[in-house]
Amino acid sequence: MGGLAATAAWRDFHVEFPEVNVTRAAGPLPARDDFAIPAGQTYLNSAFIHPVPVAAAEAVRRYLDTRTFREPRIRSGDSLAAEVKGEFAQLINARPTEIGLVQSTSAGENLVVNGLGVPGGAGNVVTDALHFDGSLVLYGELAKRGLDLRIVRPRAWRIEMDDLARAVDRRTRLVALSLVSWYNGFQHDLKAVCDLAHAQGAYVYADVVQAAGNTPIDVRASGVDFLACSTFKWLMGDFGLGFLFVREELLDTVFHRSQIGYGEADTEMHYLPSDPPAATPVTWTLHGDAAGHVEVGTYAQGAVNALAVSLPYLRRLGVENIQAYRQPLLRRLHDELPRLGFTPITPPETPSALVAFTMAGAEQRFAERLKAANVAVSLYGDRIRIAPSLFNDMRDIETLLGALS
């Protein structure tokens, strides 16, 4: 077997068996029966970790059976990953060639920063204080090394476009933000941000981990240059796998490889007498798509198997339907929590999937009460964050309100 074929066989070894479809038909919302959340548990914390649908978990279990060699592999890892990238591309109106697999959202953002040559380069980076805290650490460390970093502060818990416009200039290399803030759910007008940045010659990166799967995203309509997300939140996958979108025309012209590995190349070996002769042991051709710029090596195949079920499930339900379904639940929280003494820090017009409020000593006051009521939300000191999903209904909201009353 020649070098290229041997490499492909080693990476993609599988036994072909008839494909089994574990995806159940998506029904009306709430989709409580599609999840294994125990009766009596009120889970309103999907912005932290989203439950995996039962059908997706079953796909992972079957994959693990192949890893113990109890069962033969049904699909090749690479062909299934290509299918999953195509599903995610549909979700955000991208081309499959613009999608690469990464370890996490933060890994994707680091690839963008390094691929643009931001560390040690000229120009500035603009971000805002509602961006992910790990991202602020990234840019803060680069600022210690000389990066001109500009952080826009919120007013009334919003990032105002006028404030952003004052920070962006002709020397801005990158505008980096979270489409939906993990902290309070504030949602940017992504097209407006991209129009502003592009007018000054800057590029835009969006962390969409709190938006992908629950909020419509259109990379063509917005004009965003880069975006990334992990899959263990609203995409209903698992830890250790995420997506990075790179606008196709930026590949190699603006966005360059900052790390190299076998996953980015087709290789041919030149060891055996039967191999084609060459001056080096290995010759290769780098892939020109987004995957060929970021997929250095192996990826979390258990998570890929989960996504092969959860992404089609989301597509059939419709992200727009999911967004419309949850809005009355969020409106109820906006209306009632202030009456219980909580101060809202999520702008009321924000359409995102999470809301946040503050009260002095909230965690200390309510943690045990919520635990006793079997209600899961995020409590951080004085802040409470609530994130209903497609399996929740108004009864869950009333259970939470009762526990907080």
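Going by the structure above, here's the rest.
If you're wondering where the values come from, they're calculated on a predicted model, not measured in any experiment.

Engineer: Looking at this structure, how should I read the pairing of strand 8 (residues 242-246)?
Structural biologist: Counting buried residues along strand 8, five of its five residues qualify, which places the element largely inside the surrounding structure. Going residue by residue along strand 8, you find G242, L244 and V246 tucked away on one face and F243 and F245 tucked away on the opposite face as well. As defined by bridge partners, strand 7 (residues 226-230) adjoins strand 8 across five bridges and the pair is classed as antiparallel. Bridging across to strand 8, S230 finds its partner in G242.

Engineer: So what exactly am I meant to see when it comes to the pattern of salt bridges here?
Structural biologist: Between side chains of opposite charge, pairing is possible as soon as their charged atoms come close. The tally for this structure, following the rule as stated, stands at 25 salt bridges. In this structure, E264 and R257 form a salt bridge, with 3.9 Å as the shortest nitrogen-oxygen distance. Two residues, R332 and E398, come together in a salt bridge whose shortest N-O distance is 2.7 Å. Of the two residues, R332 sits in helix 11 (residues 319-336) while E398 sits in helix 13 (residues 394-404), which places them 66 residues apart along the sequence. The structure contains a network of salt bridges with shared partners spanning R32, D393, R395 and D396.

Engineer: I'm lost on the sheet that holds strand 14 (residues 378-380) in this one. Help?
Structural biologist: As summarised here, the arrangement of the four strands in space is 11-12-15-14, forming an open sheet in which the pairing is antiparallel. Unpaired on one side and paired on the other, strand 11 (343-344) and strand 14 mark the two borders of the sheet. With four bridges joining them, strand 12 (residues 355-358) and strand 15 (residues 383-386) adopt antiparallel strand pairing. Paired with V355 across the bridge in strand 15 is I386. Its contacts with the sheet place helix 11 against strand 12 and strand 15, and it is angled at close to 15° to strand 12.

Engineer: Can you help me understand the sheet that holds strand 7 in this one?
Structural biologist: Hydrogen bonding along the main chain pairs the strands of a sheet, whether they run parallel or antiparallel. Spatial ordering of the open sheet is given by 2-8-7-6-5-3-4, a layout of seven strands whose pairing is mixed. The sheet is open, and its two borders are formed by strand 2 (99-102) and strand 4 (148-152), each paired with just one other strand. For this sheet, the mean inter-axis angle between neighbouring strands, taken without regard to orientation, is 20°. Relative to strand 7, strand 6 (residues 203-207) runs parallel, the two sharing three bridges.

Engineer: Just checking my understanding: could you explain the nonpolar core for this structure?
Structural biologist: Soluble globular proteins: nonpolar side chains tend toward being buried together. One finds F88, I92, L227, L235, F243 and L390 to be the most contacted residues of the largest nonpolar core, which totals 66 residues. Broken down by element, this core gets its largest block of residues, eight residues, from helix 10 (residues 301-317). Aside from chain neighbours lying at most four places away, what touches L390 is L29, P30, A31, F35, M236, Y313, L314, L317, I322 and Y325. Core analysis: the second largest hydrophobic core is formed by 25 residues, L244, L250, L251 and V254 among them.

Engineer: Please clarify how helix 13 should be interpreted in this entry.
Structural biologist: Helical geometry: 3.6 residues make up each α-helical turn, so side chains three or four residues apart lie on a common side. Among all positions in helix 13, only D396, I397, L400, L401, A403 and L404 are buried. The arc enclosing the buried residues of helix 13, seen along the axis, measures out at 160°, which places them on a common side. Those residues of helix 13 hidden inside the fold are in contact with strand 1 (42-43), helix 11, helix 12 (362-372), strand 13 (375-376) and strand 15.

Engineer: Explain the packing of helix 12 against helix 13 here, please?
Structural biologist: For any two helices packed against each other, the geometry comes down to the angle between their axes and how far apart the axes lie. Axis separation between helix 12 and helix 13 bottoms out at 9 Å; the angle between their running directions is 130°. Classified by the interaxial angle, the pair formed by helix 12 and helix 13 is oblique. Helix 12 and helix 13 meet at a crossing whose hand is right-handed. Within the contact between the two elements, helix 12 uses F366, R369 and L370 and helix 13 uses L400, A403 and L404. Here the residues of the contact of helix 12 with helix 13 are counted per class, giving five nonpolar, no polar and one charged.

Engineer: Whenever I open this one, the side chain of D128 confuses me. Can you help?
Structural biologist: Relative to the assigned elements, D128 resides in strand 3 (residues 124-128). Although D128 lies buried, it forms no salt bridge, and the closest oppositely charged side chain, R153, sits 9.7 Å away as judged by the N-O distance. Among the polar contacts made by the side chain of D128, one reaches the main-chain amide nitrogen of L130 at a distance of 2.8 Å. Of note is the side chain of D128, whose polar atom sits 3.0 Å from the side chain of H188.

Engineer: Whenever I open this one, the side chain of D225 confuses me. Can you help?
Structural biologist: Mapping D225 onto the fold places it in the loop between helix 8 (219-222) and strand 7. Of note is the side chain of D225, whose polar atom sits 2.8 Å from the side chain of H198. A distance of 2.8 Å separates the side chain of D225 from the backbone nitrogen of V204, its partner in a polar contact. Residue contacts for D225: discarding those within four places in its chain leaves H198, A202, Y203, V204, F245, V246, R247 and L250.

Engineer: For this particular structure, what's the right way to read unusual backbone geometry?
Structural biologist: For residues besides glycine, phi is generally negative; the peptide bonds are generally trans as well. Put simply, L29 and P30 share a cis peptide bond, and its omega is 5°. Positionally, P30 belongs in the loop between helix 1 (3-11) and strand 1. For F69, which is not glycine, the phi dihedral falls at a positive 65°.

Engineer: How do you make sense of helix 3 (residues 77-92) when you look at a structure like this?
Structural biologist: Spanning 16 residues, helix 3 covers 23 Å between terminal C-alpha atoms, matching the ideal 22 Å at 1.5 Å per step. Looking one or two residues past helix 3, N93 carries a phi angle of roughly 60°, positive in sign.

Criteria and thresholds
- Residues numbered from 1 in each chain as written.
- Predicted model: local features only at pLDDT ≥ 70, side-chain atom pairs only at ≥ 80, totals over all residues.
- Heavy atoms only, no water.
- Buried < 20%, exposed > 50% of the residue type's maximum accessible area, 1.4 Å probe, protein only.
- Helix = DSSP H or I, 4+ residues; strand = E, 2+ residues; numbered from the N terminus.
- Pairing = 2+ DSSP bridges.
- Salt bridge = Lys/Arg side-chain N within 4 Å of Asp/Glu carboxyl O.
- Contact = heavy atoms within 4.5 Å.
- Axes fitted to C-alpha atoms, helices over the stretch in contact; angles between N-to-C directions.
- Core = buried A, V, L, I, M, F, W, Y, C linked by side-chain atoms within 4.5 Å.
- Arc of directions from axis to C-beta.
- Parallel < 35°, antiparallel > 145°, perpendicular 65-115°, else oblique.
- Left-handed = near helix turned anticlockwise from the far one by under 90°.
- Nonpolar A, V, L, I, M, F, W, Y, C, P; charged D, E, K, R; others polar.
- Lys, Arg positive; Asp, Glu negative; His and termini not counted.
- Polar contact = N/O pair within 3.5 Å; in protein donor to acceptor, adjacent residues only side chain to side chain.
- Expected span 1.5 Å × (residues − 1).

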